[in-house]
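The lines below spell out each chain.
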Amino acid sequence: MLASATLLAITSSLASANDLEIHGSNTIGARLAPALIAGYLNQAGASGVAIKSTPIENEQRVTGQLHGQPFEARVEAHGSSTGFKGLLEGSAQIAAASRPARDSEVQLLASRTQLRDRASEHIIAIDGLAILVHPSNPVSQLQKETLAKIFAGQISNWKQVGGPDQTIHVYARDERSGTWDTFHHLVLGKQYNLTAQAKRYESNDQLSDDVSRDPAGIGFTGLASVRDSKVLAIADGDSAALLPTRLNVATEDYPLSRRLFLYSLGADDSPITRDFLEFVQGPRGQDIVQQTGYISQNIQAVEDDRGDSIPASLRALTHDFQRLSVNFRFAEGRTHLDNKAHRDLARLKRFLDAHQANGSDLMLIGYADKQANELRAQMISELRALSVKKALRQEQGINMSAYTGYGHYAPVAGSGGAEGASRNGRVEVWYRRED
């Protein structure tokens with residue numbers, strides 16, 4: 001339950017037209033944000049909680065009675081970029097973004113907050129960009145480079161990638177969409193431009209529905225909008241082709257995985273905003289994330305589903321362990337944990353407490369991006385694992401001794417540059433089998 005002081009602050013603010021306003025990403029705003037607001041109100045003891053459409057497309061209201069007073073929240077889902085504008089203008093308390101804040105947006109709001117600080121940047125879910133085709137399409141996997149050429153129009157017939165002799169029809173999200181920004185960054189990059197023949201959409205769901213009716217179609221959406229389309233496995237560089245399964249997306253090993261964000265003013269957040277953001281990132285909020293079709297950050301022990309792509313030596317090392325659904329990643333250099341990682345330290349502590357386990361039941365395995373020689377990669381990977389070990393002790397009081405590095409082997413992304421360093425430079429967490 002919410003603290004009494006917070007409830008008093010909430011009650012005193014209920015005269016405002018909208019007690020909570022979220023602007024931004026359609027990926028978040030279509031279903032996830034309204035569901036999270038409803039769950040927050042239900043936990044606070046509100047009655048008559050309802051999610052209502054408005055006459056304006058991609059806008060919804062969440063209403064209820066909280067301590068005898070009317071409560072109303074509004075969600076406007078017109079693209080990630082609109083969220084930062086709303087935060088700047090004061091028309092929204094929270095900006096929803098299906099991509100990290102751009103440097104220009106950080107600068108735009110620099111006089112009000114530092115968007116990349118832990119108090120302002122809140123990772124609320126992990127999503128994956130699903131590459132969709134018609135269910136009858138025989139193609140099952142693509143290299144990321146091949147995918148880029150398809151969406152750029154350089155590969156224009158399915159027979160060029162093992163499919164039928166049909167002209168490829170490209171479906172893509174609109175320019176304001178964080179889903180589009182993520183696809184542009186992860187797939188097209190600076191080398192490719194989207195074909196002018198692509199059909200553009202404001203809605204993930206509508207795009208998916210149209211692809212599922214077009215035998216020659218290909219498109220991309222968030223995982224929650226796969227619907228009746230077929231999903232392709234994607235490979236990046238020397239990594240194995242992976243489907244966007246729960247494990248592959250939760251650990252961000254899947255090449256097109258992405259984080260979903262809520263941004264706020266940090267120290268200047270209202271009591272409602274602050275408590276809502278804590279709820280969203282806590283266990284009950286993350287349960288709603290899972291129920292809505294996205295990947296929860298609540299940690300679970302799962303069987304590794306990478307199959308034959310796991311090297312024999314790694315398989316032997318982890319024989320008595322299960323993989324946990326989290327990877328630790330770093331904000332800069334090789335040792336500074338990012339904002340999500342600091343939250344994940346607490347989540348790992350909750351997992352151990354729930355299973356009456358301790359640090360002796362864990363093993364950390366660090367990895368590095370491709371290096372000039374094997375010894376350097378091994379040292380970097382061990383340093384990463386050691387950094388997580390120290391953070392667990394300092395922030396959560398978890399003492400453990402089992403950690404190692406696996407060098408630059410078993411990559412999950414193409415090597416080189418900031419992208420390779422960020423994705424390949426990671427620490428896996430393994431949990432000793434309870435049986």
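Residues numbered from 1 in each chain as written. Predicted model: local features only at pLDDT ≥ 70, side-chain atom pairs only at ≥ 80, totals over all residues. Heavy atoms only, no water.

## Focus on the overall build of the chain
Scanning the chain from N- to C-terminus turns up 15 helices and 20 strands. Computed over C-alpha atoms, the radius of gyration of the chain comes to 22 Å, within 12% of the 22 Å expected from 2.2 N^0.38 for 435 residues, which places it in the range of a compact globule. Its C-alpha atoms give the chain principal-axis dimensions of about 60 × 55 × 45 Å. Taken over 435 residues, the chain has a buried fraction of 57%. Once local pairs closer than 6 in sequence are excluded, the contacts in the chain between residues at least 24 apart make up 71%. Carbon and sulfur atoms make up 48% of the accessible area of the chain, which totals about 17,800 Å². Averaging the positions of the 46 positive and the 50 negative side-chain charges in the chain gives two centres separated by 2 Å. (Helix = DSSP H or I, 4+ residues; strand = E, 2+ residues; numbered from the N terminus. Rg over C-alpha atoms; globule rule 2.2 N^0.38 Å. Buried < 20%, exposed > 50% of the residue type's maximum accessible area, 1.4 Å probe, protein only. Contact = heavy atoms within 4.5 Å. Areas by Shrake-Rupley, 256 points an atom, 1.4 Å probe, with all protein chains shown as cover. Lys, Arg positive; Asp, Glu negative; His and termini not counted. Charge placed at Lys NZ, Arg CZ, Asp CG, Glu CD.)

## A short note on the nonpolar core
Leu147, Phe151, Phe183 and Ile218 are the most contacted members of the largest nonpolar core, which has 56 residues in total. The biggest single contributor to this core is strand β6 (residues 121-133), with seven residues. Beyond its immediate sequence surroundings of up to four residues, Phe151 is in contact with Val170, Tyr171, Phe183, Leu188, Asn193, Leu194, Thr195, Ile218, Gly219 and Phe220. The next biggest cluster of nonpolar side chains, apart from the first, holds 32 residues, and it includes Leu32, Ile94, Phe279 and Ile288. (Core = buried A, V, L, I, M, F, W, Y, C linked by side-chain atoms within 4.5 Å.)

## Regarding the packing of helix α3 (residues 32-43) against helix α11 (residues 283-291)
With their axes 10 Å apart at the nearest point, α3 and α11 run at an angle of 145° to one another. Considering the relative orientation of α3 and α11, their crossing is right-handed. Facing Leu32, Ala35, Leu36, Gly39 and Gln43 of α3, the residues of α11 in contact are Arg284, Gly285, Ile288 and Val289. Split into classes, the residues belonging to the contact of α3 with α11 amount to five nonpolar, three polar and one charged. (Axes fitted to C-alpha atoms, helices over the stretch in contact; angles between N-to-C directions. Left-handed = near helix turned anticlockwise from the far one by under 90°. Nonpolar A, V, L, I, M, F, W, Y, C, P; charged D, E, K, R; others polar.)

## What about unusual backbone geometry?
Positive phi, normally seen in glycine, also occurs at Asn58, with a value near 65°. Mapped onto the elements of the fold, Asn58 is located in the loop between β2 (47-53) and β3 (59-66).

## Quick notes on helix α6 (residues 144-151)
Of all the residues in α6, the buried ones are Lys144, Leu147, Ala148, Ile150 and Phe151. Looking down the long axis of α6, one finds its buried residues gathered within 160° of arc, a one-sided arrangement. The elements touched by buried residues of α6 are β6, β7 (141-143), β8 (169-173), α7 (178-188), β10 (217-222) and β12 (233-235). Looking one or two residues past α6, Gly153 carries a phi angle of roughly 85°, positive in sign. (Arc of directions from axis to C-beta.)

## As for the environment of Gln93
With respect to the element layout, Gln93 can be found in the loop between α4 (80-89) and β5 (94-97). On the basis of relative accessible area, Gln93 is assigned to the partly exposed category, the value being 24%. As a C-alpha pair, Gln93 and Gly219 span 126 residues in sequence and 32 Å in three-dimensional space. The residues contacting Gln93, other than those within four sequence positions of it, are Asp19, Leu20, Glu21, Leu87, Tyr263, Ser264 and Thr273.

## Digging into α7
Helical periodicity: at 3.6 residues per turn, an α-helix aligns residues three or four positions apart in one direction. Burial within α7 is extensive, with nine of its 11 residues counted as buried. All of the buried residues along α7 are Gly178, Thr179, Trp180, Asp181, Thr182, Phe183, Leu186, Val187 and Leu188. The N-cap of α7, judged by a side-chain oxygen 2.9 Å from the amide nitrogen of Thr179 a few residues on, is Ser177. Gly189 lies just past α7 and shows a positive phi near 60°. (Polar contact = N/O pair within 3.5 Å; in protein donor to acceptor, adjacent residues only side chain to side chain.)

## A word on the layout of surface pockets
The space that makes up the largest pocket amounts to roughly 1,200 Å³. Together, 33 residues line the largest pocket, and Pro100, His185, Phe261, Glu419 and Ser422 are the ones closest to its centre. If you list the elements that add at least two residues to the lining of the largest pocket, you get α7, β13 (257-263), β16 (330-332), α13 (339-354) and α15 (417-424). Class assignment for the residues of the lining of the largest pocket results in 10 nonpolar, nine polar and 14 charged. (1 Å grid on protein atoms, 1.4 Å probe; cavity = no way out; pocket = protein on both sides within 12 Å on 5 of 7 lines; lining within 4 Å. Points joined across faces, edges and corners; volume = space filled by probe spheres on them.)

## Notes on the packing of α6 against α7
It is the contact of α6 with α7, at a shortest axis distance of 9 Å, that shows an interaxial angle of 120°. Classed by the angle they form, the pair α6 and α7 counts as oblique. Facing Lys144, Leu147, Ala148 and Phe151 of α6, the residues of α7 in contact are Phe183, Leu186, Val187 and Leu188. (Parallel < 35°, antiparallel > 145°, perpendicular 65-115°, else oblique.)

## Re the pairing of strand β20 (residues 427-432)
Most of β20 is tucked away: five of the six residues are buried. Alignment of strand β15 (residues 321-328) against β20, held across five bridges, turns out to be antiparallel. Within β20, the residue paired with Phe328 across the bridge is Val427. Pairing geometry for strand β18 (residues 362-366) and β20, over five bridges, is antiparallel. Each residue of the ladder has a partner; that of Ile365, found in β20, is Glu428. (Pairing = 2+ DSSP bridges.)

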